[in-house]
Amino acid sequence: MVENARLDTKLVSVDPLNPSLREMQLAANLIRQGEVIAFPTETVYGLGADATNTFAVRKIFEAKNRPQDNPIIVHVASIDQAQKCVTEFPPLAKRLAERFWPGPLTFVLPRSEYISSEVTKNLDTVAIRMPAHKVALLLIEQSGVPIAAPSANLSGKPSPTKAIHVIQDLNGRIPLVLDGGSTLVGVESTVISLVHDPPILLRPGGITLEELRSVISDIVVPPDFSSDQPISPGMKYKHYSPETKLVVILDGHDKSPREIDSIGRAQGGQPLVLCTNSQHQHDLMSILVGKNPQEIQANFFASLRILDEASYDVGIFEGITFEGVGLAVMNRALKAAHEIV
Ligand code: AMP
Ligand code: MG
């Protein structure tokens, strides 16, 4: 194999509501041949390969420089297919699937031999979900195999919510990007472990904790995700990050625009306020990430990419509540932040 060989990356438009069977068959052929392709889901764009083919799955890690110890979520198009991926699909999984599948909820369950250990990185569990997107579902159906797919960004970068974001990160590294427009949810799936009783929330995401609690009364929420846990200012993370410095102001949504602007000015250089309150009138340059929590969630990652595309020196994100969709948004915002105030 020639290392670093650059591929000619094709960008093919597909109708997200009514994808053409011909285009999907071409994409599915690539999956069957052991290639890696990018496709839209309702959460973010995925970088998919045949989850039963070890060599294909290795290409995912290479294409996005994914750390070797990070297991990948497997995407299925039916409950039957999900059941093939695991040794046990408990009644609770059935109830949750009935309520939330297809949709942005991922279950961790005991892995069957059907799934390559390259997907699960030698864990005895596998993470699976059924995406609520016609393109993703048709791709899985036409391929005839479950598709392992992390987000289609370079590791560490903001997740892609438009095909152009995938091209920015992976052009020349993969043969095909299916362009189905902007993703609707805008953050990754919620991940819960069903090998623990009670289940544990492993990652907040597109299904809120409040929605989960309407089906499971008992769910363990680790302190990192809990809103009543004080987050130490100045704490540093590195994930989903723009190159441009990002400052997250806790509760910025409810602070006065004057206070936000003065924090921005104190940063020096040219700040851009990523505003989350449509009532705010800023003196500094600002963009409105969204008028309501859903819109803020859908546009969050794209707004981080704007910081790198434009020549601002620092982004100032007005933090929102940890309730509802706020939990997933703030989880990403705090991981992306270079500074928290
Ligand atoms: P991403 O592919 O970036 O959406 O991330 C997938 C998420 O699912 C990561 O947080 C993984 O750690 C998690 N995950 C995948 N497989 C497993 C598993 N078998 N057990 C626990 N977490 C998992
Ligand atoms: Mg990711």
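Structure first, text after, so check above.
Along each chain, residue indices are assigned from 1 in the same order as the chain's sequence is written. All chains are assigned letters beginning with A, and all ligands numbers beginning with 1, in the order in which they are written. Only residues with pLDDT of 70 or above have their local features reported here, since the model is predicted, and side-chain atom pairs are shown and tallied only from 80 upward, although totals for entire chains, interfaces and linings are computed over all residues. The side-chain quantities take in all heavy atoms of the structure and omit both hydrogens and water.

**Student:** So what about the site of ligand 1? Which residues, and what values?
**Tutor:** Here, proximity means that at least one heavy atom of the residue falls within 4 Å of the molecule or strand. Close to ligand 1 lie 13 residues, the nearest being Arg66, Thr125, Ala127, Pro150 and Arg203. For the purposes of these results, a polar contact is taken to be a pair of N or O atoms within 3.5 Å, where, inside protein, one atom must be able to donate a hydrogen and its partner to accept one; residues adjacent in sequence count only when each atom of the pair is a side-chain atom. In the model, an oxygen atom of ligand 1 is placed 3.0 Å from a nitrogen or oxygen of the Arg203 side chain. Here ligand 1, which alone exposes 500 Å², has 79% of that area covered by the protein. Numbering of helices and strands runs from the N terminus, with a helix taken as a DSSP run of H or I at least four residues long and a strand as a DSSP run of E at least two residues long. Only strand S6 (125–129) and strand S10 (200–203) provide two or more residues apiece to the shell around ligand 1. Accessible areas in this description were obtained via Shrake-Rupley with a 1.4 Å probe; residue shielding takes into account the shown protein chains only.

**Student:** Give a description of the pairing of strand S14 (residues 314–318) that names residues and reports values.
**Tutor:** The element S14 is extensively covered by neighbouring structure, given that five of its five residues are classed as buried. Any residue under 20% of the maximum accessible area for its type is buried, any over 50% is exposed, and the rest in between are partly exposed; the area is computed with a 1.4 Å probe on protein chains only. Side chains of S14 alternate between two faces, with Val314, Ile316 and Glu318 and Gly315 and Phe317 buried alike. As paired strands, strand S11 (residues 245–249) and S14 are joined by five bridges and run parallel to one another. Paired with Val247 across the bridge in S14 is Ile316. Being paired, for any two strands, means DSSP has found at least two bridges between them. Where strand S12 (residues 271–275) and S14 come together, four bridges link them in parallel fashion. Following the sheet pairing, Leu274 is matched in S14 by Phe317.

**Student:** Give a detailed account of the pattern of salt bridges, specifying residues and quantitative values.
**Tutor:** The salt bridge definition used is simple: a Lys or Arg side-chain nitrogen within 4 Å of an Asp or Glu carboxyl oxygen. Tallying each qualifying case throughout the model produces 10 salt bridges. Ionic pairing is found between Arg305 and Asp169, a salt bridge with its closest N-O pair at 3.0 Å. One end of the pair, Arg305, is in helix H10 (residues 293–309); the other, Asp169, is in helix H7 (residues 163–170), with 136 residues separating them in the sequence. The burial state of Arg305 is the same as that of Asp169; both residues are buried. In this structure, the salt-bridge partner of Glu295 is Lys291, at a minimum N-O distance of 3.1 Å. According to the relative accessible area criterion, Glu295 is partly exposed, its value standing at 26%. Through salt bridges that share partners, Arg58, Glu118 and Lys121 make up one connected network.

**Student:** Any details on the nonpolar core? Residues and values, ideally.
**Tutor:** Counting 96 residues, the largest nonpolar core has Leu96, Phe107, Ile192 and Phe317 as its most contacted members. If one sorts the elements of this core by residue count, helix H11 (residues 326–336) sits on top with seven residues. Setting aside its immediate chain neighbours within four residues, Phe317 contacts Leu246, Val247, Val248, Ile249, Leu274, Thr276, Val289, Phe300, Val329, Met330 and Ala333. Buried Ala, Val, Leu, Ile, Met, Phe, Trp, Tyr and Cys residues that are joined via side-chain atoms within 4.5 Å together make up what is termed a nonpolar core. It only takes one pair of heavy atoms within 4.5 Å for two residues to be counted as in contact.

**Student:** Could you give me a rundown of the sheet that holds strand S13 (residues 286–288), with the residues and numbers involved?
**Tutor:** In space, the five strands of this open sheet follow the order S13-S12-S14-S11-S15, with parallel pairing throughout. Both edges of this open sheet fall to S13 and strand S15 (339–340), since each of them pairs with a single strand only. Between N-to-C directions, angles cover 0 to 180 degrees, with each direction set by a line fitted to C-alpha atoms, over the stretch in contact for helices. Across the sheet, helix H9 (residues 257–266) touches S11, S12 and S14, and the angle it forms with S12 is around 145°. Against the sheet, H10 engages S11, S12, S13 and S14, with an angle of about 175° to S12.

**Student:** Any details on the side chain of Asp261? Residues and values, ideally.
**Tutor:** Summarising the element assignment, Asp261 is placed in helix H9. As used throughout, the charge tally considers Lys and Arg to be positive and Asp and Glu to be negative, leaving His and the chain termini uncounted. Despite being buried, Asp261 has no salt bridge partner; Arg265 is the closest side chain of opposite charge, sitting 4.6 Å away. Setting aside anything within four residues of it in sequence, one finds Asp261 in contact with Val273, His282, Asp283 and Leu284.

**Student:** Describe the packing of H10 against H11, and please don't skip the residues or the numbers.
**Tutor:** It is at 10 Å that the axes of H10 and H11 come closest, and there the two elements cross at 15°. Here H10 lies roughly parallel to H11, going by the angle between them. H11 is crossed by H10, and the crossing has left-handed handedness. Taking contact as the criterion, the partners of Ile296, Gln297, Phe300, Phe301 and Leu304 in H10 are, on H11, Ala328, Val329, Arg332, Ala333 and Ala336. Residues are sorted three ways: Asp, Glu, Lys and Arg are charged, Ala, Val, Leu, Ile, Met, Phe, Trp, Tyr, Cys and Pro are nonpolar, and all the rest, Gly among them, are polar. Here the residues of the contact of H10 with H11 sort into eight nonpolar, one polar and one charged. Should an angle fall under 35 degrees it is called roughly parallel, over 145 degrees roughly antiparallel, and 65 to 115 degrees roughly perpendicular, with every other angle called oblique. It is the rotation of the near helix from the far one that decides the hand of a crossing: anticlockwise by less than a right angle makes it left-handed, clockwise makes it right-handed.

**Student:** Requested: an account of the packing of aromatic side chains, with residues and values cited.
**Tutor:** For Phe, Tyr and Trp, rings pair up if their centres lie within 6.5 Å, where Trp contributes its six-membered ring, and each pair is then called stacked (planes under 30 degrees apart), edge-to-face (over 60) or tilted (otherwise). A complete count under the given rule lists five aromatic pairs for this structure. Between Trp101 and Phe107, the ring centres sit 4.7 Å apart and the planes meet at 15°, which makes this aromatic pair stacked. The exposure class assigned to Trp101 is buried, which follows from its relative accessible area of 8%. Judged by relative accessible area, which is 0%, Phe107 ranks as buried.

**Student:** Now, about unusual backbone geometry: what can you tell me, with residues and values included?
**Tutor:** Look at the link from Trp101 to Pro102: it is a cis peptide, with omega at -10°. Along the chain, Pro102 turns up in the loop between helix H4 (91–100) and strand S5 (105–110). Note that the residue after Asp197, namely Pro198, is joined by a cis bond; omega there is 0°. Mapping Pro198 onto the fold places it in the loop between strand S9 (190–193) and S10. Phi at Asn65 takes a positive value of approximately 55°, unusual for a residue other than glycine. Along the chain, Asn65 falls in the loop between helix H2 (54–64) and strand S4 (73–75). Of note, the phi angle at Asp251 is positive, near 60°, even though the residue is not glycine.

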